[in-house]
Amino acid sequence: TITFATDPVETPVEPIETTVPPTTTPAPTEPPAPPEPEVDPEELEMLAIVIFQEAGGDECCDECRRRVADVVLNRVESPYAYYPDDIYSVLTQKYQYGRLYWTGIVWPERASHASEQYAVERAYRIAEEVLQGKHSDVYGTGMCNQAEYSVFNKYWNGGEYIHHCSDLYFFKSE
């Protein structure tokens, strides 16, 4: 037999809360980091080549590799008419960066050797960091120069010694 409940079942009703919780202001957050600047692939390769050519293998520290790139960028940004205002022209200026003025900006033959691949990758990494704004202590400080010999400052009117790393000497001049 089937039985039906004829008495309605009373369900207790929960009271509805009518108070609105106080609003809270979210804690301030750090502003998002600005996007890294776009790196021109041609400028990246040119700086990587000069870093590799001038700073060579593993003996030179990363900071000095940045200094090599920053000497180039300081020249690009220099108000002196002697220096061109683009990376290509600075690197191919006569007697400034080895034989680049007559070979053009090309990788040295040794860069293709397996033993140099780490140095090539390192040059690219440093060039990219510099182009994205991670500069050395010589960037934006005026005219700085580099040479592969310490007597350089005798030829550069009152050059102030900045740093020496491996075969590179950096000097500040007016």
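Our structure is the block above this text.
On a predicted model such as this, the values are computed, not experimentally measured, just so you know.

Student: So what's going on with the pattern of salt bridges? Which residues, and what values?
Tutor: Side chains carrying opposite charge are able to pair once their charged atoms draw close together. As enumerated under the stated definition, the model contains seven salt bridges in all. Taking the shortest distance from any N to any O, the salt bridge between Arg 125 and Asp 62 comes out at 3.0 Å. Here Arg 125 is found in helix 5 (residues 117–131), whereas its partner Asp 62 is found in helix 2 (residues 62–76), with 63 residues between them in sequence. Look at Arg 125 and you get partly exposed, because its relative accessible area is 33%. The closest approach of N and O atoms between Arg 66 and Glu 129, which form a salt bridge, is 2.6 Å. On the criterion of sequence distance, the pair formed by Arg 66 in helix 2 and Glu 129 in helix 5 is long-range, its members being 63 residues apart. Among the residues examined, Arg 66 registers a relative accessible area of 7% and is labelled buried.

Student: Describe the packing of aromatic side chains, listing the residues and the values that go with them.
Tutor: Taken as a whole and judged by the stated rule, the model has four aromatic pairs. A ring pair is formed by Phe 52 and Trp 107, whose centres lie 5.7 Å apart and whose planes are at 65°; its orientation type is edge-to-face. With Phe 52 in helix 1 (residues 41–55) and Trp 107 in the loop between helix 4 (100–103) and helix 5, the pair connects residues that are 55 residues apart, well separated along the chain. Looking at Phe 52, the relative accessible area reads 0%, which means it is buried. By the ring-pair criterion, three or more aromatic residues cluster together here, those being Phe 52, Trp 107 and Tyr 124.

Criteria and cut-off values
- Residues numbered from 1 in each chain as written.
- Predicted model: local features only at pLDDT ≥ 70, side-chain atom pairs only at ≥ 80, totals over all residues.
- Heavy atoms only, no water.
- Salt bridge = Lys/Arg side-chain N within 4 Å of Asp/Glu carboxyl O.
- Helix = DSSP H or I, 4+ residues; strand = E, 2+ residues; numbered from the N terminus.
- Buried < 20%, exposed > 50% of the residue type's maximum accessible area, 1.4 Å probe, protein only.
- Phe/Tyr/Trp six-rings, centres within 6.5 Å; stacked < 30°, edge-to-face > 60°.

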